[in-house]
Amino acid sequence: MTEVAIVGATGYTGMELVRILSRHPQAKLAVLTSRQQAGKLYSQVFPGLLQAVDLPITNPDFRAIAKKAELAFLCLPHSESQDAAAALLKLGLKVIDLSADFRLKSAAVYKKWYGPHRYPALLKEAVYGLPELYRQKIAKARLVANPGCYPTSVILGLLPLAAKGVMEPEVIADSKSGVSGAGRSPQPSLHFCEIAENLRAYNIYGHRHTPEMEQELSAAARARVRVTFVPHLVPMNRGILSTLYVKLKKKLSLDNLFDIFRESYQDEPFLRLLPPGTLPEVAQVRGTNLTQIGLSLAPSGREAVITSALDNLVKGAAGAAVQNFNLMQGLPESSALESLPLVP
Ligand SMILES: NC(=O)c1ccc[n+]([C@@H]2O[C@H](COP(=O)([O-])OP(=O)(O)OC[C@H]3O[C@@H](n4cnc5c(N)ncnc54)[C@H](OP(=O)(O)O)[C@@H]3O)[C@@H](O)[C@H]2O)c1
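Being a predicted model, the structure only gives us computed values, none of them experimental.

1. What to know about the sheet that holds strand S3 (residues 57–58)
If you walk across this open sheet you meet the 7 strands as S3-S2-S1-S4-S5-S7-S6, and the pairing is parallel. Each edge of the sheet is formed by a strand with only one pairing partner; in this case those strands are S3 and strand S6 (127–128). Together, strand S1 (2–7), strand S2 (27–33), strand S4 (71–74), strand S5 (94–97) and strand S7 (143–145) form the strand contacts of helix H12 (residues 314–328), whose direction differs from that of S5 by roughly 155°.

This is the structure in C-alpha cells:
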C-alpha cells in the first residue's frame, strides 16, 4: 500500500484523482491540501464523497506531507508546482506533477512560453509521463511530468505516423475541449452565459501546449514536426475531440493506415482503434482512461484525417497520473482505471 498526498485536491484534476484513488487497491489517500478549504473535511466540501473520503483538508505544508506520504500528486497551477516538486523530492518523496512545469526538456523553450525555470536540473531529470512512449523510464522515475490534456489527444493521434516516418512534418490539430480543462477558479470568460450555446477558438499560434506536442512528435519522427494548433472551447463539462489533418509522404491504402496504428497500439491497455467507418466521440470515453482513435483516408491516399477523443480529466490528467503511479510502484498498469464510459 502506498500512502499518497494530493496537493491542490480541491481543483478539477485533484477531485478526479481523489475519486479514482479512493477506489485504488494499493493506494491510501493520506494528505489532501487546499489553502482555501483547510480545516474542513473533504466530504464537507464535496458531499458526494460522504463516507467515502472523510479526510481533513490541510494547508500545503511540505514537511507535514513528507511525514504522512511517500508519493505526491501535484495538481497546482504551472510555476507553483516547481517549488513544491523540488521541496518534496528533497524530502524523499516521488512526485507526479500534473502541471506543465516539467514537461519541456529545454529551459529556453520553457522560458519562452512560461517564464524562467527555477530548477533546470529537475527539468532534465523529469520523465514525460506518456506511458505509450516512455513506459520503462516512468517505472524508474522519481519525478514524472504528466502530459497536458490537448497534447495527449494530439500526440496519441499522430504518434504511429510520426514514428513510421510516413507523415509530412507540418500538421494541423483542431481540438475542442470541455470547460473543465480551464480549471475550477472563476473567470468571467468561463461563466455559463459566455460558454452555453457558444463555440469559440482561442490562442491560435499562441497556446502553451504547442511546444509540448512539437517536442514529442519531433522526437518520435526524428525530424522537426510543426503543429498548427487551434483549440476551441465547447459548452460541455469534460472531453476533448482532436481532428488532425495530415499529409502523407507516400500513397497509402486504408488497410496500410490501419496496419500502422494496429502495429503501434495493439498492446496498449487504454487505446481503442475504432473500426473503419466508426468515429470517436467524447461521450464514449467520459469518465474513462481511454483514448479512442478513428482513421479516415482521402480518396487520393495522400491525406489522412485522424480523430481522437479522450476525457481531459481522466486520460488527459488524473487517469494518466494514476497510470504513471501504477508503473512507478510496480503495480498492474490498469489498477483503478478500468471504468467504462458514463453514457449519456
Ligand atoms: N483541468 C484539466 O483538464 C487539466 C488537464 C491536464 C492538466 N491540467 C493541469 O493540472 C494543474 C491543475 O489543474 P486544475 O484544473 O485541477 O486546476 P484548479 O481547478 O484551478 O485547481 C488548482 C488547485 O490547486 C490549489 N492551489 C492553487 N494555487 C495554489 C498555490 N499557489 N499553492 C498551493 N495550492 C494552490 C487550489 O486550491 P486552493 O486555492 O484552495 O489552495 C486547487 O485545489 C494545472 O497546472 C493544469 O494546467 C489540468
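2. Thoughts on the pattern of salt bridges
What the rule picks out here adds up to 15 salt bridges. For the salt bridge of Lys 28 with Glu 3, the shortest nitrogen-to-oxygen distance reads 3.8 Å. Pair noted here: Lys 28 is in strand S2 and Glu 3 is in strand S1, with a separation of 25 residues, a long-range link. Looking at Lys 28, the relative accessible area reads 44%, which means it is partly exposed. Overall, the relative accessible area of 28% leaves Glu 3 in the partly exposed class. Taken together, the shared-partner salt bridges connect Glu 16, Arg 19, Arg 238 and Asp 311 into one network.

3. Examining the domain arrangement of the chain
Think of interface size as the accessible area that goes away when the parts come together; that is how it is often given. Domains assigned within the chain are domain 1 (2–125) and domain 2 (149–313). One C-alpha centre belongs to domain 1, the other to domain 2; they are set 27 Å apart. Each partner contributes residues to the interface: domain 1 has 15 residues there, and domain 2 has 15 residues. Each partner contributes to the roughly 1300 Å² buried at the junction of domain 1 and domain 2, and carbon and sulfur atoms together form 56% of this total. Among the residues domain 1 hides against domain 2, the three largest losses belong to Tyr 12, Arg 103 and Trp 113. Together they make up 49% of the total. Across the domain 1-domain 2 interface, the total number found is 2 salt bridges. If you look at where domain 1 meets domain 2, you find 8 residue pairs in polar contact (both at pLDDT 80 or more). At the level of elements, helix H1 (12–21) and helix H5 (107–114) are the ones that each hand at least two residues to the side of domain 1 that touches domain 2. In the side of domain 1 that touches domain 2, the residues fall into 7 nonpolar, 4 polar and 4 charged.

4. Examining the pairing of strand S13 (residues 291–297)
Along S13, 5 of the 7 residues are buried, which leaves the element largely enclosed by surrounding structure. Where strand S12 (residues 271–273) and S13 come together, 3 bridges link them in parallel fashion. Residue Arg 272 lies in a different strand from S13, and its bridge partner there is Gln 292. Looking at chain direction, S13 and strand S14 (residues 303–310) are connected through 7 bridges and run antiparallel. Along S14, the bridge assignment pairs Gln 292 with Ala 309. Taken together, S13 and the strand that follows it, S14, pair antiparallel across an intervening segment of 5 residues, in which Gly 301 is found at a positive phi of about 75°.

5. Section: the sheet that holds S13
Judged by pairing direction, the sheet is mixed, and its 7 strands sit side by side in the order S9-S10-S8-S11-S14-S13-S12 without closing on themselves. The open sheet has two edge strands with one neighbour each: strand S9 (200–201) and S12. The pairing of strand S11 (residues 240–247) with S14 spans 8 bridges and is antiparallel. Counted as the bridge partner of Leu 244 is Ile 306 from S14. Contacts between helix H11 (residues 254–265) and the sheet are confined to S12, S13 and S14, with S13 contributing the most and set at about 155° to the helix.

6. Topic: the packing of helix H8 (residues 149–164) against H11
In the contact formed by H8 and H11, the axes pass within 9 Å of each other and the chain directions differ by 105°. Of the possible angle classes, the one that applies to H8 and H11 is roughly perpendicular. In contact with Ile 155, Leu 156, Gly 157, Leu 159, Pro 160, Leu 161 and Lys 164 of H8, H11 contributes Leu 257, Ile 260, Phe 261, Glu 263, Ser 264 and Tyr 265. A breakdown of the residues in the contact of H8 with H11 according to their chemical character gives 9 nonpolar, 2 polar and 2 charged.

7. With respect to the packing of aromatic side chains
In total, this model carries 6 aromatic pairs according to the counting rule given. Relative to Phe 46, the ring of Tyr 42 lies with its centre 4.9 Å away and its plane at 50°, an arrangement referred to as tilted. Take Tyr 42 and Phe 46: they sit in the same class, and that class is buried. Judged by centre distance (6.5 Å) and plane angle (90°), the rings of Tyr 128 and Tyr 134 are edge-to-face.

8. Describing the site of the ligand
As a matter of local geometry, the ligand sits amid 28 residues, with Thr 10, Thr 13, Ser 34, Leu 76 and Arg 184 nearest to it. The side chain of Glu 80 places a nitrogen or oxygen atom 3.2 Å from a nitrogen atom of the ligand. Measuring from an oxygen atom of the ligand, one finds a backbone N or O atom of Leu 98 at 3.3 Å. Bound to the protein, the ligand loses 85% of the 890 Å² it would expose on its own. Breaking the shell around the ligand down by element, the ones donating at least two residues are H1 and H12. Of the residues contributing to the shell around the ligand, the split by class is 10 nonpolar, 14 polar and 4 charged.

Thresholds applied
Residues numbered from 1 in each chain as written. Predicted model: local features only at pLDDT ≥ 70, side-chain atom pairs only at ≥ 80, totals over all residues. Heavy atoms only, no water. Pairing = 2+ DSSP bridges. Helix = DSSP H or I, 4+ residues; strand = E, 2+ residues; numbered from the N terminus. Contact = heavy atoms within 4.5 Å. Axes fitted to C-alpha atoms, helices over the stretch in contact; angles between N-to-C directions. Salt bridge = Lys/Arg side-chain N within 4 Å of Asp/Glu carboxyl O. Buried < 20%, exposed > 50% of the residue type's maximum accessible area, 1.4 Å probe, protein only. Domains from an automatic or database assignment. Buried area = accessible area lost by both parts, 1.4 Å probe. Polar contact = N/O pair within 3.5 Å; in protein donor to acceptor, adjacent residues only side chain to side chain. Nonpolar A, V, L, I, M, F, W, Y, C, P; charged D, E, K, R; others polar. Parallel < 35°, antiparallel > 145°, perpendicular 65-115°, else oblique. Phe/Tyr/Trp six-rings, centres within 6.5 Å; stacked < 30°, edge-to-face > 60°. Near = heavy atom within 4 Å. Areas by Shrake-Rupley, 256 points an atom, 1.4 Å probe, with all protein chains shown as cover.

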